[in-house]
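Each chain, letter by letter, is given below.
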Amino acid sequence: MSLEEKLEVMELLWADLSATPDQVDSPSWHRDELERRREQVRQDPDLFRPWNAAIAELRSELRGHQTS
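Scoring rules and cut-offs
- Residues numbered from 1 in each chain as written.
- Predicted model: local features only at pLDDT ≥ 70, side-chain atom pairs only at ≥ 80, totals over all residues.
- Heavy atoms only, no water.
- Salt bridge = Lys/Arg side-chain N within 4 Å of Asp/Glu carboxyl O.
- Helix = DSSP H or I, 4+ residues; strand = E, 2+ residues; numbered from the N terminus.
- Buried < 20%, exposed > 50% of the residue type's maximum accessible area, 1.4 Å probe, protein only.

Q: Help me understand the pattern of salt bridges in this model?
A: Two side chains bearing opposite charge may form a pair once their charged atoms approach each other closely. This model, assessed by the stated rule, comprises seven salt bridges. Among the salt bridges present, the one from Arg59 reaches Glu11, with a minimum N-O distance of 2.6 Å. Separated by 48 residues along the polypeptide, Arg59 in helix H3 (residues 51-67) and Glu11 in helix H1 (residues 3-18) bring together distant segments of the chain. Ionic pairing is found between Arg37 and Glu33, a salt bridge with its closest N-O pair at 2.7 Å. Placement of the pair is Arg37 and Glu33 together in helix H2 (residues 28-43), with a separation of four residues, close to one helical turn. When its relative accessible area of 46% is taken as the criterion, Arg37 is described as partly exposed. For Glu33, a relative accessible area of 22% puts it in the partly exposed group. The network of salt bridges with shared partners includes Glu33, Arg36 and Arg37.

Next up, the structure:
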């Protein structure tokens, strides 16, 4: 599988899992990590970007590597 195909599969899996969050039990350390990251965003919002923007950037970089 190419990297792009793997990313697409991950997106599909995430979309499926996130559609029914009540069926997924998260360990307590996930909550702790989420709170840590929320605090990072509060401290420096420019450090992060929306998921769709990050995916678009990764795809753009991947296309650039494929044509090289």
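Q: Quick question: what am I supposed to make of the environment of Glu35 here?
A: Relative to the elements of secondary structure, Glu35 occurs in helix H2. A relative accessible area of 38% places Glu35 in the partly exposed class. Placed 25 residues apart in sequence, Glu35 and Ser60 show a C-alpha to C-alpha distance of 30 Å.

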